[in-house]
Amino acid sequence: MTMDKSLKVRAGLVRSRSVLTRAERIERLKAADRWQEGDSPLGLDKVRVYKLTMKKKKKKKQEDEEGETAAATAKK
């Protein structure tokens with residue numbers, strides 16, 4: 001039986017995950033000096049997951065450049 005096209009995973013997990021594994025939480029706590037070797041891995045402190053967003057490029061600049069080149073060719 002084949003899998004439907006809409007259910008296939010194309011690029012894996014693209015979006016950001018909101019939950020970290022225990023190992024990932026320990027790594028982040030170590031980096032922040034909030035966890036030392038020998039501490040219990042159970043009952044870890046909360047670790048904030050930052051969501052990264054890409055800023056959209058401004059189209060206005062491209063439109064201005066196109067308008068300038070069109071105006072320059074029209075003047076000739």
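Above this text is the structure in question.
This section reports on the structure supplied with the text.

Criteria and cut-off values
Residues numbered from 1 in each chain as written. Predicted model: local features only at pLDDT ≥ 70, side-chain atom pairs only at ≥ 80, totals over all residues. Heavy atoms only, no water. Helix = DSSP H or I, 4+ residues; strand = E, 2+ residues; numbered from the N terminus. Contact = heavy atoms within 4.5 Å. Salt bridge = Lys/Arg side-chain N within 4 Å of Asp/Glu carboxyl O. Buried < 20%, exposed > 50% of the residue type's maximum accessible area, 1.4 Å probe, protein only.

Considerations on the environment of Lys30
When you line up the elements, Lys30 lands in helix H1 (residues 22–31). Lys30 has contacts with Trp35 and Glu37, leaving out every residue within four places of it along the chain.

With respect to the pattern of salt bridges
In this structure the tally under the stated criterion is 2 salt bridges. Residue Glu37 is joined to Lys30 by a salt bridge in which the shortest nitrogen-to-oxygen separation is 2.9 Å. Glu37 sits in the exposed class, given a relative accessible area of 64%. Between Asp45 and Arg34 there is a salt bridge, with the nearest N and O atoms lying 3.6 Å from each other.

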